[in-house]
Amino acid sequence: MAKEVKTIGVLTSGGDAPGMNAAIRAVVRKSLNNGVAVKGIKKGYLGLLNEEIVDMDAKSVSDTIQRGGTILGTARCLEFKEEEVQKKAADICAKHGIDGLVVIGGDGSYRGAQALAKHGVNTIGIPGTIDLDIACTDYTIGFDTAINTAMEAIDKVRDTSSSHERCSIIEVMGRNAGYIALWCGVASGAEDILIPEKYDFNEQTLVNNIIANRKIGKTHHLIINAEGIGHSTSMARRIEAATGIETRATILGYMQRGGSPTCKDRYYASIMGAYAADILAKGASNRCICYREGQFCDIDIEEALAMKKEINPYQFETSFLLSRSNR
Ligand code: ADP
Ligand code: F6P
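What counts and what doesn't
Residues numbered from 1 in each chain as written. Chains lettered and ligands numbered in written order. Predicted model: local features only at pLDDT ≥ 70, side-chain atom pairs only at ≥ 80, totals over all residues. Heavy atoms only, no water. Axes fitted to C-alpha atoms, helices over the stretch in contact; angles between N-to-C directions. Helix = DSSP H or I, 4+ residues; strand = E, 2+ residues; numbered from the N terminus. Left-handed = near helix turned anticlockwise from the far one by under 90°. Contact = heavy atoms within 4.5 Å. Nonpolar A, V, L, I, M, F, W, Y, C, P; charged D, E, K, R; others polar. Buried < 20%, exposed > 50% of the residue type's maximum accessible area, 1.4 Å probe, protein only. Right-handed = clockwise from strand over helix to strand, strands pointing away. Pairing = 2+ DSSP bridges. Salt bridge = Lys/Arg side-chain N within 4 Å of Asp/Glu carboxyl O.

1. Section: the packing of helix H1 (residues 20-33) against helix H9 (residues 263-281)
Alright, step 1. Two elements in contact, H1 and H9, have axes separated by 7 Å at closest approach and are oriented at 35°. In this structure, H1 meets H9 at a crossing whose hand is right-handed. Contact residues: H1 offers Ala-22, Ala-23, Ala-26, Val-27, Lys-30 and Ser-31, while H9 offers Arg-266, Ala-269, Ser-270, Gly-273, Ala-274, Ala-277 and Asp-278.
Alright, step 2. Its residues assigned to classes, the contact of H1 with H9 shows 7 nonpolar, 3 polar and 3 charged.

2. Here we look at the pairing of strand E2 (residues 37-41)
Alright, step 1. The element E2 is largely enclosed, with a buried count of 4 among its 5 residues.
Alright, step 2. Each parallel crossover has a hand, and for strand E1 (residues 7-12) linked through H1 to E2 it is right-handed.
Alright, step 3. One ladder, built from 4 bridges, connects E2 with strand E3 (residues 53-56); its direction is antiparallel. If you follow Lys-39 over to E3, its bridge partner there is Asp-55.

3. Side note on the pattern of salt bridges
Alright, step 1. Inspection of every chain in the model, using the stated rule, returns 13 salt bridges.
Alright, step 2. One salt bridge connects Lys-87 with Asp-91, and the closest N-O pair in it is separated by 3.0 Å. Of this pair, Lys-87 and Asp-91 both sit in helix H3 (residues 83-95), 4 residues apart, roughly one helical turn.
Alright, step 3. Note on Lys-87: relative accessible area 40%, which makes it partly exposed.
Alright, step 4. Glu-240 serves as the salt-bridge partner of Arg-248, at 4.0 Å between the closest nitrogen and oxygen.
Alright, step 5. Linked through salt bridges whose partners overlap, the residues forming this network are Arg-166, Glu-240, Glu-246 and Arg-248.

See the structure below:
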């Protein structure tokens, strides 16, 4: 028989993402509606270990749906990879009467949730990361806001880049994943998109493209470079030396992770939060919420973590063709 869940905790972990507040709000209000009490755990797993735990009611999430960041705070807590520390965290949950836990974060955070499930805490993961790099789901909370923020910034750089007839390298977030770069690159008509999954470190190709574009009269050349490749400033210097075309680097950085979430992020986060509260109330554990093929669903975390996500080759190749204006 499924364990009866009377009190749950909710935490956000890893990099914050716009829409996390909408998810927290939904977890809290749907759980209360299900007759389940909720405790907010501050600063992710670190806050759990430090027992930074507060009671939450429907009012404690008022006026939060439109806010970026996470009202609970977040942290990276490397010691949580240790079995002993995970056991201690499960004991802390028991001490506070927490028999279920919603973890909003990326796949690193899911590993922590999986460990807690093994120690008897019912856990549910909600995908919260601007990187879109969780294989089991087509959507992660924060991605939509981040790409729109980055796209608007890129459009602005493009204006000044064209006016000065410069080449611009714009670095966007994504240490291990190129989704932000790919989407922003396509959406802003970038001439080149560099992503960690596909980059061959051959700058001569870039140089040739820039020169060819200049020959056909393009006044700018936008290169969207993912953080995982990085080194945008030195790359700009080398490209300028090789092409003779003024080249500037702009690193967008953390502004991409903040800001008020888009409607899409608020909507998906709200439904995912409610879904997590419902399955947790029914006794589910070691599951994560996904959006796949147009449906919200849940799958085993183990299965989710074993899945691989690849950049779609057609979409990547097409991005280059669409920015060609010479045929
Ligand atoms: P994300 O959740 O966005 O992928 P991280 O990879 O930084 O971000 O993970 C967030 C946190 O999840 C880590 O700081 C750590 O507390 C926990 N975590 C990550 N990997 C593991 C693991 N293998 N086992 C247990 N906990 C983990
Ligand atoms: O949350 C995802 C992310 O923003 C990645 O794109 C980036 O590589 C990383 O987090 C940066 O993390 P930190 O906050 O530790 O610098």
